[in-house]
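Below, each chain spelled out in residue letters.
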Amino acid sequence: MQDTLSKEQAFEDKIARGQVIEPKDWMPERYRKQLIRMMSQHAHSEVVGMLPEGNWITRAPSLERKLVLLAKVQDEAGHGLYIYSATETLGADRKELIDQLLAGKAKYSSIFNYPTTNWADIGAIGWLVDGAAIVNQTALAKCSYGPYSRAMLRICKEENFHNKQGYQIMARMMRGTKQQQEMAQDAMNRWWWPALMMFGPSDKNSPNSEDLMRWKVKLYSNDDLRQRFIDRTVPQAEAIGLTIPDKELKWNDKTRHYEHGEINWEEFNAVISGNGPCNKQRMNQRIKAHEDGKWVRQAAEAYAAKHYN
Ligand code: FAQ
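Colleague: Explanation requested: the packing of aromatic side chains in the structure shown.
Modeller: Working definition: an aromatic ring pair is given by the centre-to-centre distance plus the angle between the planes. Scanning all chains against the criterion turns up 11 aromatic pairs. With 5.4 Å between their ring centres and 90 degrees between their planes, Trp265 and Phe268 make a pair best called edge-to-face. Placement of both Trp265 and Phe268 in helix α11 (residues 265–275) is noted, with a separation of 3 residues, approximately one turn of the helix. Accessibility expressed as a relative area gives 6% for Phe268, which makes it buried. In textbook terms, an aromatic cluster arises when at least three aromatic residues are bridged by ring pairs, as seen for Phe11, Trp26, Tyr31 and Trp215. Its guanidinium or amino end placed over the ring of Trp56, Arg59 lies 4.1 Å from that ring's centre, counting from NZ or CZ. Above the face of the Tyr220 ring, Arg228 is positioned so that its terminal group lies 4.3 Å from the ring centre.

Rendered as C-alpha coordinates:
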(Lines give C-alpha, C1' and ligand atoms only; values in the text may rest on other atoms or scores of the structure.)
Protein backbone atom coordinates (compact mmCIF):
# COMPACT_ATOMS: atom_id res chain seq x y z
CA MET A 1 0.00 0.00 0.00
CA GLN A 2 2.77 2.37 1.10
CA ASP A 3 4.67 1.34 -2.00
CA THR A 4 1.75 2.16 -4.31
CA LEU A 5 1.29 5.51 -2.58
CA SER A 6 4.91 6.48 -3.07
CA LYS A 7 4.81 5.33 -6.69
CA GLU A 8 1.69 7.36 -7.21
CA GLN A 9 3.38 10.40 -5.63
CA ALA A 10 6.42 9.96 -7.86
CA PHE A 11 4.13 9.70 -10.89
CA GLU A 12 2.20 12.86 -9.97
CA ASP A 13 5.49 14.72 -9.34
CA LYS A 14 6.77 13.69 -12.74
CA ILE A 15 3.61 14.97 -14.40
CA ALA A 16 3.80 18.22 -12.42
CA ARG A 17 7.40 18.74 -13.61
CA GLY A 18 6.20 18.30 -17.22
CA GLN A 19 8.10 15.04 -17.71
CA VAL A 20 6.92 12.42 -20.16
CA ILE A 21 5.60 9.00 -19.07
CA GLU A 22 6.97 6.07 -21.05
CA PRO A 23 5.42 2.56 -21.40
CA LYS A 24 7.72 0.91 -18.84
CA ASP A 25 7.17 3.59 -16.20
CA TRP A 26 4.77 2.90 -13.36
CA MET A 27 1.38 4.54 -13.93
CA PRO A 28 -1.96 4.50 -12.07
CA GLU A 29 -4.45 2.04 -13.52
CA ARG A 30 -6.88 4.88 -14.20
CA TYR A 31 -4.30 6.80 -16.24
CA ARG A 32 -3.71 3.67 -18.33
CA LYS A 33 -7.45 3.07 -18.79
CA GLN A 34 -8.18 6.67 -19.72
CA LEU A 35 -5.40 6.64 -22.31
CA ILE A 36 -6.57 3.33 -23.80
CA ARG A 37 -10.13 4.72 -24.02
CA MET A 38 -9.14 7.97 -25.66
CA MET A 39 -6.38 6.65 -27.92
CA SER A 40 -8.42 3.70 -29.19
CA GLN A 41 -11.34 6.03 -29.98
CA HIS A 42 -8.87 8.24 -31.81
CA ALA A 43 -7.43 5.30 -33.81
CA HIS A 44 -10.95 4.14 -34.72
CA SER A 45 -11.78 7.69 -35.86
CA GLU A 46 -8.84 7.76 -38.25
CA VAL A 47 -9.88 4.44 -39.77
CA VAL A 48 -13.62 5.17 -40.02
CA GLY A 49 -12.61 8.64 -41.20
CA MET A 50 -11.36 7.17 -44.45
CA LEU A 51 -14.91 6.27 -45.50
CA PRO A 52 -16.58 9.64 -46.22
CA GLU A 53 -13.68 10.78 -48.41
CA GLY A 54 -13.04 7.31 -49.85
CA ASN A 55 -16.48 7.59 -51.43
CA TRP A 56 -15.12 10.30 -53.74
CA ILE A 57 -11.90 8.69 -54.98
CA THR A 58 -13.61 7.27 -58.07
CA ARG A 59 -15.47 10.53 -58.69
CA ALA A 60 -12.66 13.08 -58.22
CA PRO A 61 -12.90 15.78 -60.92
CA SER A 62 -9.35 15.27 -62.30
CA LEU A 63 -6.50 12.79 -62.19
CA GLU A 64 -4.49 15.16 -60.02
CA ARG A 65 -7.32 15.52 -57.49
CA LYS A 66 -7.75 11.75 -57.46
CA LEU A 67 -4.05 11.18 -56.69
CA VAL A 68 -4.09 13.76 -53.90
CA LEU A 69 -7.25 12.30 -52.37
CA LEU A 70 -5.89 8.75 -52.57
CA ALA A 71 -2.72 9.86 -50.76
CA LYS A 72 -4.73 11.67 -48.10
CA VAL A 73 -7.03 8.73 -47.40
CA GLN A 74 -3.99 6.45 -47.23
CA ASP A 75 -2.39 8.84 -44.70
CA GLU A 76 -5.47 8.47 -42.48
CA ALA A 77 -5.03 4.68 -42.50
CA GLY A 78 -1.42 5.21 -41.43
CA HIS A 79 -2.54 7.50 -38.59
CA GLY A 80 -4.90 4.79 -37.36
CA LEU A 81 -2.04 2.29 -37.37
CA TYR A 82 0.38 4.54 -35.47
CA ILE A 83 -2.23 5.18 -32.80
CA TYR A 84 -3.22 1.50 -32.50
CA SER A 85 0.51 0.74 -32.03
CA ALA A 86 0.81 3.46 -29.40
CA THR A 87 -2.25 2.00 -27.63
CA GLU A 88 -0.61 -1.43 -27.59
CA THR A 89 2.27 0.03 -25.55
CA LEU A 90 -0.30 0.32 -22.72
CA GLY A 91 -1.02 -3.41 -22.86
CA ALA A 92 -4.18 -3.10 -24.96
CA ASP A 93 -4.90 -5.83 -27.50
CA ARG A 94 -5.48 -4.38 -30.97
CA LYS A 95 -7.75 -7.23 -32.02
CA GLU A 96 -9.97 -6.70 -28.98
CA LEU A 97 -10.18 -2.97 -29.68
CA ILE A 98 -11.17 -3.56 -33.29
CA ASP A 99 -13.71 -6.21 -32.28
CA GLN A 100 -15.29 -3.64 -29.93
CA LEU A 101 -15.51 -1.13 -32.78
CA LEU A 102 -17.08 -3.63 -35.16
CA ALA A 103 -19.54 -4.78 -32.48
CA GLY A 104 -20.70 -1.15 -32.14
CA LYS A 105 -19.36 -0.94 -28.56
CA ALA A 106 -16.58 1.61 -29.14
CA LYS A 107 -16.90 5.27 -29.95
CA TYR A 108 -15.28 7.10 -32.88
CA SER A 109 -15.50 10.75 -33.85
CA SER A 110 -19.05 11.98 -34.46
CA ILE A 111 -17.94 13.87 -37.58
CA PHE A 112 -17.59 10.75 -39.70
CA ASN A 113 -21.28 9.96 -39.46
CA TYR A 114 -22.23 12.74 -41.88
CA PRO A 115 -22.65 12.15 -45.62
CA THR A 116 -20.39 13.50 -48.38
CA THR A 117 -22.92 14.52 -51.00
CA ASN A 118 -20.77 16.46 -53.48
CA TRP A 119 -17.14 17.27 -54.33
CA ALA A 120 -17.11 20.44 -52.22
CA ASP A 121 -17.50 18.19 -49.17
CA ILE A 122 -13.99 16.91 -49.82
CA GLY A 123 -12.75 20.51 -49.59
CA ALA A 124 -14.78 21.08 -46.43
CA ILE A 125 -13.44 17.93 -44.76
CA GLY A 126 -9.81 18.77 -45.49
CA TRP A 127 -10.20 22.37 -44.42
CA LEU A 128 -12.60 22.08 -41.46
CA VAL A 129 -12.27 18.50 -40.19
CA ASP A 130 -8.50 18.23 -40.58
CA GLY A 131 -8.31 21.85 -39.36
CA ALA A 132 -10.17 20.91 -36.16
CA ALA A 133 -8.06 17.75 -35.81
CA ILE A 134 -4.86 19.84 -36.04
CA VAL A 135 -5.96 22.24 -33.30
CA ASN A 136 -6.75 19.27 -31.03
CA GLN A 137 -3.72 17.20 -31.96
CA THR A 138 -1.13 19.99 -31.79
CA ALA A 139 -2.01 20.16 -28.09
CA LEU A 140 -1.90 16.35 -27.79
CA ALA A 141 1.60 16.38 -29.30
CA LYS A 142 2.70 17.85 -25.96
CA CYS A 143 0.71 15.41 -23.83
CA SER A 144 2.21 13.46 -20.94
CA TYR A 145 2.29 10.02 -22.61
CA GLY A 146 5.40 9.63 -24.80
CA PRO A 147 4.18 7.21 -27.52
CA TYR A 148 0.95 9.19 -28.06
CA SER A 149 2.72 12.55 -28.19
CA ARG A 150 5.29 11.26 -30.69
CA ALA A 151 2.58 9.78 -32.92
CA MET A 152 0.85 13.17 -32.88
CA LEU A 153 3.94 15.02 -34.08
CA ARG A 154 4.06 13.11 -37.33
CA ILE A 155 0.30 13.04 -37.74
CA CYS A 156 0.06 16.82 -37.37
CA LYS A 157 2.60 17.32 -40.16
CA GLU A 158 0.47 15.24 -42.49
CA GLU A 159 -2.78 16.84 -41.34
CA ASN A 160 -1.33 20.24 -42.23
CA PHE A 161 -0.98 19.12 -45.82
CA HIS A 162 -4.55 17.75 -45.72
CA ASN A 163 -5.81 21.02 -44.35
CA LYS A 164 -4.16 23.07 -47.08
CA GLN A 165 -5.44 20.83 -49.88
CA GLY A 166 -8.99 21.16 -48.48
CA TYR A 167 -8.76 24.93 -48.24
CA GLN A 168 -7.35 25.10 -51.74
CA ILE A 169 -10.35 23.12 -53.09
CA MET A 170 -12.72 25.56 -51.37
CA ALA A 171 -10.78 28.64 -52.53
CA ARG A 172 -10.72 27.35 -56.11
CA MET A 173 -14.47 26.69 -56.07
CA MET A 174 -15.13 30.17 -54.67
CA ARG A 175 -13.27 31.61 -57.67
CA GLY A 176 -15.35 29.43 -60.03
CA THR A 177 -18.89 29.57 -61.41
CA LYS A 178 -21.92 30.61 -59.38
CA GLN A 179 -22.89 26.95 -59.10
CA GLN A 180 -19.44 26.04 -57.72
CA GLN A 181 -19.67 28.87 -55.20
CA GLU A 182 -23.07 27.60 -54.09
CA MET A 183 -21.71 24.08 -53.71
CA ALA A 184 -18.85 25.35 -51.53
CA GLN A 185 -21.22 27.40 -49.35
CA ASP A 186 -23.59 24.44 -49.04
CA ALA A 187 -20.72 22.21 -47.87
CA MET A 188 -19.68 24.92 -45.39
CA ASN A 189 -23.25 25.10 -44.07
CA ARG A 190 -23.39 21.34 -43.49
CA TRP A 191 -19.89 20.80 -42.01
CA TRP A 192 -19.44 23.84 -39.76
CA TRP A 193 -21.51 22.74 -36.77
CA PRO A 194 -20.44 19.06 -36.87
CA ALA A 195 -16.79 20.30 -36.99
CA LEU A 196 -17.40 22.28 -33.77
CA MET A 197 -18.84 19.12 -32.18
CA MET A 198 -15.58 17.26 -32.82
CA PHE A 199 -14.12 19.00 -29.74
CA GLY A 200 -16.55 17.13 -27.51
CA PRO A 201 -19.22 18.30 -25.06
CA SER A 202 -18.94 21.67 -23.34
CA ASP A 203 -16.56 21.69 -20.37
CA LYS A 204 -19.34 21.44 -17.79
CA ASN A 205 -20.58 18.21 -19.41
CA SER A 206 -17.21 16.56 -20.05
CA PRO A 207 -16.79 13.80 -17.44
CA ASN A 208 -13.30 12.72 -18.55
CA SER A 209 -11.69 16.15 -18.65
CA GLU A 210 -10.88 16.39 -14.95
CA ASP A 211 -8.64 13.28 -14.98
CA LEU A 212 -7.17 14.06 -18.38
CA MET A 213 -6.28 17.65 -17.58
CA ARG A 214 -4.83 16.81 -14.17
CA TRP A 215 -2.57 14.25 -15.84
CA LYS A 216 -1.72 16.62 -18.71
CA VAL A 217 -3.09 14.31 -21.36
CA LYS A 218 -5.32 17.21 -22.30
CA LEU A 219 -3.53 20.53 -21.97
CA TYR A 220 -6.61 22.58 -22.89
CA SER A 221 -10.30 22.03 -22.30
CA ASN A 222 -12.81 21.07 -25.02
CA ASP A 223 -14.27 24.61 -25.10
CA ASP A 224 -10.83 26.27 -25.22
CA LEU A 225 -9.78 24.24 -28.24
CA ARG A 226 -13.13 24.80 -29.94
CA GLN A 227 -12.67 28.55 -29.45
CA ARG A 228 -9.15 28.37 -30.87
CA PHE A 229 -10.51 26.60 -33.97
CA ILE A 230 -13.27 29.19 -34.47
CA ASP A 231 -10.85 32.11 -34.06
CA ARG A 232 -8.48 30.75 -36.67
CA THR A 233 -11.12 29.55 -39.15
CA VAL A 234 -13.47 32.55 -39.40
CA PRO A 235 -10.86 34.81 -41.09
CA GLN A 236 -10.00 31.97 -43.48
CA ALA A 237 -13.68 31.70 -44.50
CA GLU A 238 -13.94 35.46 -44.94
CA ALA A 239 -10.80 35.56 -47.09
CA ILE A 240 -12.41 33.36 -49.73
CA GLY A 241 -15.93 34.76 -49.47
CA LEU A 242 -17.63 31.99 -47.48
CA THR A 243 -20.23 32.80 -44.84
CA ILE A 244 -20.15 31.00 -41.48
CA PRO A 245 -23.68 29.58 -40.91
CA ASP A 246 -24.08 31.14 -37.46
CA LYS A 247 -26.15 34.32 -37.15
CA GLU A 248 -24.87 34.90 -33.61
CA LEU A 249 -21.21 34.81 -34.59
CA LYS A 250 -19.49 38.08 -33.71
CA TRP A 251 -16.06 39.37 -32.80
CA ASN A 252 -15.66 40.52 -29.22
CA ASP A 253 -13.04 43.23 -29.08
CA LYS A 254 -12.59 42.91 -25.32
CA THR A 255 -11.98 39.15 -25.15
CA ARG A 256 -10.29 39.14 -28.61
CA HIS A 257 -12.36 36.05 -29.47
CA TYR A 258 -15.39 35.27 -31.64
CA GLU A 259 -18.64 34.63 -29.80
CA HIS A 260 -20.74 31.89 -31.33
CA GLY A 261 -24.28 30.51 -31.22
CA GLU A 262 -25.42 27.47 -29.24
CA ILE A 263 -24.32 24.07 -30.48
CA ASN A 264 -27.10 21.53 -31.00
CA TRP A 265 -26.10 19.08 -28.25
CA GLU A 266 -29.15 16.93 -28.89
CA GLU A 267 -27.82 16.23 -32.35
CA PHE A 268 -24.35 15.52 -30.94
CA ASN A 269 -25.74 13.07 -28.39
CA ALA A 270 -27.82 11.30 -31.03
CA VAL A 271 -24.78 10.91 -33.32
CA ILE A 272 -22.49 9.55 -30.61
CA SER A 273 -25.18 7.09 -29.49
CA GLY A 274 -25.29 5.55 -32.97
CA ASN A 275 -28.19 7.50 -34.45
CA GLY A 276 -26.45 9.93 -36.80
CA PRO A 277 -27.21 10.09 -40.53
CA CYS A 278 -24.58 7.49 -41.55
CA ASN A 279 -23.63 5.49 -38.42
CA LYS A 280 -25.08 2.22 -39.71
CA GLN A 281 -23.65 2.64 -43.20
CA ARG A 282 -20.17 3.38 -41.82
CA MET A 283 -20.21 0.36 -39.52
CA ASN A 284 -21.43 -1.97 -42.29
CA GLN A 285 -18.64 -0.70 -44.57
CA ARG A 286 -16.02 -1.28 -41.84
CA ILE A 287 -17.32 -4.79 -41.11
CA LYS A 288 -17.17 -5.67 -44.80
CA ALA A 289 -13.66 -4.20 -45.18
CA HIS A 290 -12.53 -6.20 -42.16
CA GLU A 291 -13.98 -9.43 -43.54
CA ASP A 292 -12.52 -8.77 -47.00
CA GLY A 293 -9.11 -8.23 -45.40
CA LYS A 294 -9.12 -11.52 -43.52
CA TRP A 295 -6.92 -13.31 -46.07
CA VAL A 296 -4.31 -10.55 -45.80
CA ARG A 297 -4.12 -10.93 -42.02
CA GLN A 298 -3.91 -14.71 -42.36
CA ALA A 299 -1.12 -14.44 -44.94
CA ALA A 300 0.81 -11.98 -42.72
CA GLU A 301 0.43 -14.32 -39.72
CA ALA A 302 1.58 -17.36 -41.76
CA TYR A 303 4.60 -15.38 -43.00
CA ALA A 304 5.48 -14.21 -39.50
CA ALA A 305 5.13 -17.76 -38.10
CA LYS A 306 7.51 -19.08 -40.75
CA HIS A 307 10.13 -16.33 -40.62
CA TYR A 308 10.09 -14.84 -37.13
CA ASN A 309 9.37 -17.71 -34.74
N1 FAQ B 1 -17.32 12.10 -31.16
O2 FAQ B 1 -15.59 13.58 -21.35
P3 FAQ B 1 -15.52 13.93 -22.79
C4 FAQ B 1 -9.49 13.21 -37.32
C5 FAQ B 1 -17.41 11.16 -26.14
S6 FAQ B 1 -9.34 12.39 -35.87
C7 FAQ B 1 -17.62 10.94 -30.51
O8 FAQ B 1 -15.29 15.34 -23.15
P9 FAQ B 1 -12.88 13.28 -23.67
C10 FAQ B 1 -8.45 12.97 -38.37
C11 FAQ B 1 -16.18 10.81 -25.33
O12 FAQ B 1 -15.43 9.82 -25.97
C13 FAQ B 1 -10.75 12.88 -34.92
N14 FAQ B 1 -17.58 10.83 -29.18
O15 FAQ B 1 -14.42 13.00 -23.51
C16 FAQ B 1 -9.12 12.81 -39.68
C17 FAQ B 1 -16.80 10.38 -24.04
O18 FAQ B 1 -17.32 9.06 -24.18
P19 FAQ B 1 -16.86 7.82 -23.22
C20 FAQ B 1 -10.73 12.21 -33.62
C21 FAQ B 1 -17.20 11.92 -28.48
O22 FAQ B 1 -12.24 12.03 -24.13
C23 FAQ B 1 -9.50 13.92 -40.42
C24 FAQ B 1 -18.02 11.30 -23.92
O25 FAQ B 1 -18.31 11.74 -25.23
N26 FAQ B 1 -9.81 12.90 -32.74
O27 FAQ B 1 -10.39 13.91 -37.43
C28 FAQ B 1 -16.86 13.13 -29.10
O29 FAQ B 1 -12.35 13.94 -22.44
C30 FAQ B 1 -10.13 13.76 -41.68
C31 FAQ B 1 -17.79 12.47 -23.00
O32 FAQ B 1 -16.83 13.40 -23.54
C33 FAQ B 1 -9.55 12.42 -31.51
O34 FAQ B 1 -10.06 11.39 -31.12
C35 FAQ B 1 -16.94 13.19 -30.49
N36 FAQ B 1 -16.67 14.32 -31.17
O37 FAQ B 1 -12.79 14.39 -24.83
C38 FAQ B 1 -9.34 11.54 -40.18
C39 FAQ B 1 -8.55 13.20 -30.69
N40 FAQ B 1 -16.55 14.03 -28.15
O41 FAQ B 1 -15.54 7.33 -23.71
C42 FAQ B 1 -9.97 11.39 -41.44
C43 FAQ B 1 -8.30 12.59 -29.35
C44 FAQ B 1 -16.68 13.39 -26.97
O45 FAQ B 1 -16.75 8.38 -21.82
C46 FAQ B 1 -10.36 12.49 -42.18
N47 FAQ B 1 -9.43 12.69 -28.47
N48 FAQ B 1 -17.09 12.14 -27.18
O49 FAQ B 1 -17.96 6.83 -23.41
C50 FAQ B 1 -9.73 13.79 -27.72
O51 FAQ B 1 -9.07 14.81 -27.79
C52 FAQ B 1 -10.86 13.66 -26.75
O53 FAQ B 1 -11.16 12.29 -26.58
C54 FAQ B 1 -12.15 14.42 -27.17
C55 FAQ B 1 -13.26 14.11 -26.13
C56 FAQ B 1 -11.88 15.92 -27.13
C57 FAQ B 1 -12.62 14.00 -28.54
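And the narrative resumes.
Colleague: Help me out: how do you make sense of the layout of surface pockets in this one?
Modeller: Over the atoms a probe the size of a water molecule is rolled, and this reveals where empty space is left. Size it by volume and the largest pocket reaches roughly 1,100 Å³. Put simply, the parts of the chain that give the lining of the largest pocket at least two residues each are α2 (29–48), α4 (63–88), α6 (120–140), α7 (146–174), α9 (209–214), α10 (222–239) and α11. Tallying contributions element by element places α6 first for the lining of the largest pocket, with 9 residues. In the lining of the largest pocket, the residues fall into 23 nonpolar, 16 polar and 9 charged. By volume, the second largest pocket amounts to about 510 Å³. Residue lining of the second largest pocket: 17 residues in total, with Leu81, Arg94, Ile98, His290 and Arg297 positioned closest to the centre. Of all the elements in the fold, those that place two or more residues in the lining of the second largest pocket are α4, α5 (94–102), α12 (279–292) and α13 (294–308). If one sorts the elements of the lining of the second largest pocket by residue count, α5 sits on top with 6 residues.

Colleague: How do you make sense of the packing of α4 against α7 when you look at a structure like this?
Modeller: Helix packing geometry: the angle between the two helix axes and the distance between the axes. At a minimum axis distance of 10 Å, the contact between α4 and α7 shows a crossing angle of 160 degrees. Comparing the axis directions of α4 and α7 gives the class roughly antiparallel. The interaxial crossing formed by α4 with α7 has left-handed handedness. By residue class, the composition of the contact of α4 with α7 is 11 nonpolar, 4 polar and 8 charged.

Colleague: How should I be thinking about the pattern of salt bridges in this particular structure?
Modeller: Side chains carrying opposite charge are able to pair once their charged atoms draw close together. Applying the stated criterion across every chain yields a total of 20 salt bridges. With a shortest N-O distance of 3.3 Å, Glu12 and Arg214 are connected by a salt bridge. In this pair, Glu12 is assigned in helix α1 (residues 2–16) and Arg214 in helix α9, connecting sequence segments 202 residues apart. Between Arg190 and Asp186 there is a salt bridge, with the nearest N and O atoms lying 3.0 Å from each other. Residue Arg190 and its partner Asp186 are both found in helix α8 (residues 178–197); the two are separated by 4 residues, about one turn of the helix.

Colleague: Honestly, the environment of Ala270 in this entry has me stumped. Any pointers?
Modeller: Along the chain, Ala270 falls in helix α11. On a C-alpha basis, the gap between Ala270 and Ser110 in space is 9.4 Å, while along the polypeptide they are 160 residues apart. Every residue in contact with Ala270, bar those within four places of it in the chain, is listed here: Asn275 and Gly276.

Each value, and the rule that gives it
Residues numbered from 1 in each chain as written. Predicted model: local features only at pLDDT ≥ 70, side-chain atom pairs only at ≥ 80, totals over all residues. Heavy atoms only, no water. Phe/Tyr/Trp six-rings, centres within 6.5 Å; stacked < 30°, edge-to-face > 60°. Helix = DSSP H or I, 4+ residues; strand = E, 2+ residues; numbered from the N terminus. Buried < 20%, exposed > 50% of the residue type's maximum accessible area, 1.4 Å probe, protein only. Lys NZ or Arg CZ within 6 Å of the ring centre and 35° of its normal. 1 Å grid on protein atoms, 1.4 Å probe; cavity = no way out; pocket = protein on both sides within 12 Å on 5 of 7 lines; lining within 4 Å. Points joined across faces, edges and corners; volume = space filled by probe spheres on them. Nonpolar A, V, L, I, M, F, W, Y, C, P; charged D, E, K, R; others polar. Axes fitted to C-alpha atoms, helices over the stretch in contact; angles between N-to-C directions. Parallel < 35°, antiparallel > 145°, perpendicular 65-115°, else oblique. Left-handed = near helix turned anticlockwise from the far one by under 90°. Salt bridge = Lys/Arg side-chain N within 4 Å of Asp/Glu carboxyl O. Contact = heavy atoms within 4.5 Å.

Read these as geometric descriptors, not functional statements.
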